[in-house]
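# A look at the structure
Listed here are the chains, written in short residue letters.
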Amino acid sequence: MSTEIDHLRAFRSDDAAPDPDARAAARALLLERIAPTAPLRRAPRPRSRILVGGLGLAAAAAAAIALVAGLDSGGVQPATAAEALREAADVAAQGPDVALQPGQYWYVRSESRQPGGDRGGPEVREDWFSLTGQGRWVVRRPGEPEEEHSIADGALSYSFFPQPLTYEQVRALPADVNGLYDAIERAGMAWASGNGLPVADRTHEMFTIVGDWLRAAPALPPARRAALYRVAARLPDVELLGKVRDGRAREGIAVAQTDDGLRRELVFDPDTAQLLMQRTVRAGSGELVYESTYVESGVVDSTTARP
Amino acid sequence: MIAESLAAPHAFAAVFDRHYDAIAGFLRRRVEHALADELAAETFLQAFGARERYDTQRADARPWLYGIAANLLRRHRRVEERRLRAYARAAARDGEAGAFDGVDERLDARAAGAELATALASLGSGERDVLLLYAWADLGYDEIAAALAIPVGTVRSRLHRARGVVRELLVRSGEQMDESIAAVIATAREESR
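Position numbers for residues start from 1 in each chain and track the written sequence from start to end. All chains are assigned letters beginning at A, and all ligands numbers beginning at 1, according to the order in which they are written. With pLDDT at 70 or above as the cut-off, local features in this predicted model cover only qualifying residues; side-chain atom pairs require 80 or more to be listed or tallied, and sums for whole chains, interfaces and linings still use all residues.

The subject of this paragraph is the overall build of chain A. From N to C terminus, chain A includes eight helices and nine strands. Relative to its full complement of 307 residues, chain A shows a buried share of 41%. Put simply, of all contacts in chain A between residues at least 6 apart along the chain, 59% involve residues at least 24 apart. Secondary structure elements follow DSSP: runs of H or I of four or more residues count as helices, runs of E of two or more count as strands, with numbering from the N terminus. Any residue whose C-beta has 12 or fewer other C-beta atoms within 10 Å is treated as exposed, any with 20 or more as buried, and any in between as partly exposed, C-beta atoms being built from the backbone. Each residue is represented by a C-beta atom placed from its backbone, and any two residues with such atoms within 7 Å are regarded as in contact.

Once that is clear, we can look at the nonpolar core. Grouped together as the largest cluster of nonpolar side chains are 56 residues, with contacts concentrated most on I23, L27, A40, Y66, A69, L133 and I144 of chain B. Top contributing element to this core by residue count: helix α2 (residues 12-28) of chain B, with eight residues. Excluding residues that lie within four positions of it along the chain, L27 of chain B makes contacts with A36, L39, A40, A69 and L73 of chain B. By convention in this section, buried Ala, Val, Leu, Ile, Met, Phe, Trp, Tyr and Cys residues joined through C-beta atoms within 7 Å make up a nonpolar core. Counting 52 residues, the second largest nonpolar core, distinct from the first, contains W128, F129, A216 and A254 of chain A.

On to the pairing of strand β7 (residues 262-268) of chain A. Residue and element names in this part refer to chain A. For β7, a buried count of seven out of seven residues is recorded, marking the element as mostly surrounded by other parts of the structure. Residues L262, R264, L266 and F268 of β7 are buried on one face, and the alternating residues R263, E265 and V267, pointing to the opposite face, are buried as well. For strand β6 (residues 251-259) and β7, the ladder comprises seven bridges, and the chain directions are antiparallel. Bridging across to β7, T258 finds its partner in R263. Strand pairing is assigned whenever DSSP detects at least two bridges linking the two strands. A loop of two residues connects β6 with β7, the two strands running antiparallel in sequence, and D260 in this loop sits at a positive phi of about 60°. Of the strand pairs in this sheet, β7 and strand β8 (residues 275-282) are connected by seven bridges, and their pairing is antiparallel. Each bridged residue has a counterpart across the sheet, and for L266 the counterpart in β8 is Q278.

Spacing of three or four residues puts side chains on the same side of an α-helix, whose turn is 3.6 residues. Residue and element names in this part refer to chain A. Take the residue count of a helix, subtract one, and multiply by 1.5 Å to get its expected span. Across its 14 residues, helix α4 (residues 81-94) extends 20 Å between first and last C-alpha, which sits within 8% of the 20 Å expected from 1.5 Å per residue. Buried residues of α4: A81, A84, L85, A88, A89, V91 and A92, and no others. Angularly, the buried residues of α4 cover 165° about the axis, an arc narrow enough to put them on a single face. Opposite its buried face, α4 presents the exposed residues D90 and Q94, each directed more than 90 degrees away. The elements touched by buried residues of α4 are α8 (222-234), β5 (238-245), β6 and β7. To be clear, the arc concerns the directions from the helix axis to the C-beta atoms.

Residue and element names in this part refer to chain B. Along the polypeptide, A22 turns up in helix α2. The class of A22 is partly exposed, set by 19 C-beta atoms lying within 10 Å. For the pair A22 and L65, spaced 43 residues apart in the sequence, the C-alpha separation amounts to 10.0 Å.

Caution applies to low-pLDDT parts of the model: their predicted coordinates are not meant to be read in detail. All names here are of chain B. The pLDDT score gives, residue by residue, the confidence of the prediction method on a 0 to 100 scale. Residues with a pLDDT of 70 or more make up 70% of chain B, whose mean pLDDT is 76. Mean pLDDT across the elements of chain B bottoms out in helix α1 (residues 2-7) (50) and peaks in helix α7 (residues 125-135) (93). Segment residues 98-104: pLDDT under 50, and 10 contacts once partners within four positions in sequence are set aside and those in other chains are kept. In this model residues 175-193 is a low-confidence stretch, pLDDT under 50, and it forms nine contacts with partners more than four residues away in sequence or in other chains. As a predicted assembly, this complex carries a pTM of 0.49 together with an ipTM value of 0.78.

Take the environment of A61 of chain B next. Examined against the element boundaries, A61 of chain B turns out to sit in the loop between α3 (33-49) and α4 (62-74). For the pair formed by A61 of chain B and H19 of chain B, sequence separation is 42 residues and the distance between their alpha carbons is 8.4 Å.

Structure follows, in structure tokens:
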């Protein structure tokens, strides 16, 4: 005797076969979204905010960000995030011009950690990307085979999120702070509207974009690198966390913006204006969501070379 | 796997590879294929965009993905119901036309299809979601509750009512079906003499 559920299971079962073309198109669409994405994107704002916290979690907060006590690099310490970012902009403007040449690649090695994801060490990722957005990246996780991806000729760059911009295209953006601010704002709004986020969220999205762009920024001309820090200095609700140590115990200055229960931190070296780390923790509890430390970077001549 | 995708977004492709067929199949059974394929693609884009919010303690991504798919479908509730009614009419017609093949089982399936479509179209969208996540996606009560963000008690009561509606229509059609098949077969025998 068959039940109504058995009847239902048979009902329209022929329809369930997926269409290979639709599957391939959906996968390509997803990869296109994934490819230019920085390691962590902000989630759409939930309808109701869930409070994360409690005394038990507060203890974890102490460990979340290793505030460095007793360190003093001399001089007057910045009092606000905007001050710290403007100082970094000044340093960046004085930096060397290591702009990529055709045939060269910008190399970045990063180490990422997240709760539960640490199986005997961080995930190590190496990226090589060219002026025009070609390149490859490899990912190694402890105990797993290496994962390799390549960006074929003519494929979109994953360098500058959320728009698949190449170095050449970023160079073509306005070099002045106002122009760059507008360009990043447009990119943030495009991302926000594409994800059903209120437009009011754009400054939060912009902070994330600036962080993502700073990763690759050393290969940009100094003026544009500086402009990125100046854009960050104009964003609202950015707080100065002070001196911290990154995942490699290097000292840096941390600034952060909190939104949607998550605090996104950027840690940079005030002496070189290099981005050292991006980290996301839960606001309140300080519980780690994700962190990525930029260990090494530089210009190389092939997608297998390292600086 | 979802947790990994936080660290390495491209790892999310593995979530797609593992679950696309099931999600697309579920959607294709519910709305026309072109729309279903569109919604399946959108399900994974939304899932990717929201992966930060995904509870990394949960091992199985299915309830989460089906939840997104069900939510997307809700905007197309009328399309789904219209399609079910059209299917019911077509299945009823085919059932009668096919009677001359004399294959009772196929007749039975077609007639049941018409009644199932009618039953599904008559359910509220919340009940239909619960019933089809149970029957087609093979999710358990707890998983359906997680997918639709409703209490487990609500899952139970909706499923109970939805099953009742379907059973009643099937039983009722069974009586009618017996008569109509008997009549059709009798006619066919008469004609073949």
